[in-house]
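Coordinate inspection notes
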Amino acid sequence: MRVMVADDAALFRAGVARLLTDSGFDVAAEAPDARRLLAAVDADPPDAVVVDIRMPPTHTTEGLDAAATLRESHPGVGVLVLSAHVEPHYALALIESGADGAGYLLKERVADVDELADAVRRVAGGGLVVDPSVVAALVGRARAHSPLDDLSARERDVLAVMAEGRSNQAICNRLHLSPKTVEAYVRSVFTKLGLHQGPDDNRRVLAVLTFLRG
């Protein structure tokens, strides 16, 4: 699997590239900013890119902007955005853009090589990745009545893990439930949130958006 890495901090960029290489990825390019990342992708599109959310010239949302550009120009390229801080509104903006193969992960997760590799593989495969800390921050917000209030405690637990972009099997492992039980909870979540039609993949994304918006 071919990956490109963009971060203006040379040591961090090289470290991520090395970790990915050691995990079996082909790191096709490294870039210090979004402009050079986009040029590298245009020249030879990879399966996924790992990009810092803040890079030159403004150090604000260059990573998110690059993700939006790639969604239009190379929709088959997965994008994993890394952030040094929990910033739920940025994660929500990434998901709400409708991008397939998108993820938002805290930089501290990079220390867990397996978690980093798993996240890159999931976005490359068109999946959704949301850092657990971001999910926790959004869940903790005070909010008015929402469709989520109709969910049972266990259904909310299932949806919280789903919001990280995890599969049903991962939900089974996390919550120690059988596959049939998880399937029943997922169906119930869809029903209570009014998601009655469409492919399950689409309904999962819509359910996650409802959850994150609160």
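Scroll up a little and you will see the structure.
These figures come from a predicted structure and were not determined experimentally.

Focus: the overall build of the chain
Per the secondary structure count, the chain includes 10 helices and 6 strands. For 214 residues, the compact-globule estimate of 2.2 N^0.38 gives 17 Å, and the C-alpha radius of gyration of the chain, at 17 Å, lies within 12% of that figure. Within the span of the chain, comprising 214 residues, buried residues form 47% of the whole. The positive charge centre, built from 23 side chains, and the negative charge centre, built from 30, are 5 Å apart in the chain.

Comments concerning the packing of helix H2 (residues 34-43) against helix H3 (residues 62-73)
Interhelical geometry of H2 versus H3 gives an angle of 25 degrees and a closest axis separation of 10 Å. Classified by the angle their axes make, H2 and H3 are roughly parallel. Viewed along their axes, H2 and H3 form a crossing whose handedness is right-handed. Of the residues in H3, those in contact with Ala-34, Leu-38 and Val-41 of H2 are Glu-62, Ala-66, Thr-69 and Leu-70. Class assignment for the residues of the contact of H2 with H3 results in 5 nonpolar, 1 polar and 1 charged.

Section: the sheet that holds strand E6 (residues 128-130)
The 6 strands lie next to each other as E2-E1-E3-E4-E5-E6, forming an open sheet whose pairing is parallel. Two strands close off the open sheet at either side, each with one partner strand: strand E2 (26-31) and E6. Sheet twist, expressed as the mean angle between neighbouring strand axes with direction ignored, is 20 degrees. Both strand E5 (residues 102-106) and E6 contribute to a ladder of 3 bridges, which runs parallel. Looking across to E6, one finds that Gly-103 is bridged to Val-129. Sitting on the sheet, H2 is in contact with strand E1 (2-6), E2 and strand E3 (48-52), with an inclination near 160 degrees to E1. On the sheet, helix H5 (residues 113-124) packs against E1, E3, strand E4 (78-83), E5 and E6 and is oriented at approximately 140 degrees with respect to E4.

A look at the nonpolar core
Residues Leu-37, Val-49, Val-81, Tyr-104, Leu-159, Met-162 and Leu-212 are the most contacted members of the largest nonpolar core, which totals 53 residues. Grouped together as the second largest cluster of nonpolar side chains are 17 residues, Val-16, Leu-80, Leu-116 and Val-120 included.

Description of the pattern of salt bridges
In this structure the tally under the stated criterion is 14 salt bridges. A salt bridge links Arg-122 to Asp-118; the nearest nitrogen and oxygen atoms lie 3.1 Å apart. Of this pair, Arg-122 and Asp-118 both sit in helix H5, 4 residues apart, which is roughly one turn of the helix. Among the residues examined, Asp-118 registers a relative accessible area of 29% and is labelled partly exposed. With a shortest N-O distance of 2.9 Å, Arg-174 and Glu-164 are connected by a salt bridge. Here Arg-174 is found in helix H8 (residues 168-175), whereas its partner Glu-164 is found in the loop between helix H7 (153-162) and H8, with 10 residues between them in sequence.

Criteria and cut-off values
Residues numbered from 1 in each chain as written. Predicted model: local features only at pLDDT ≥ 70, side-chain atom pairs only at ≥ 80, totals over all residues. Heavy atoms only, no water. Helix = DSSP H or I, 4+ residues; strand = E, 2+ residues; numbered from the N terminus. Rg over C-alpha atoms; globule rule 2.2 N^0.38 Å. Buried < 20%, exposed > 50% of the residue type's maximum accessible area, 1.4 Å probe, protein only. Lys, Arg positive; Asp, Glu negative; His and termini not counted. Charge placed at Lys NZ, Arg CZ, Asp CG, Glu CD. Axes fitted to C-alpha atoms, helices over the stretch in contact; angles between N-to-C directions. Parallel < 35°, antiparallel > 145°, perpendicular 65-115°, else oblique. Left-handed = near helix turned anticlockwise from the far one by under 90°. Contact = heavy atoms within 4.5 Å. Nonpolar A, V, L, I, M, F, W, Y, C, P; charged D, E, K, R; others polar. Pairing = 2+ DSSP bridges. Core = buried A, V, L, I, M, F, W, Y, C linked by side-chain atoms within 4.5 Å. Salt bridge = Lys/Arg side-chain N within 4 Å of Asp/Glu carboxyl O.

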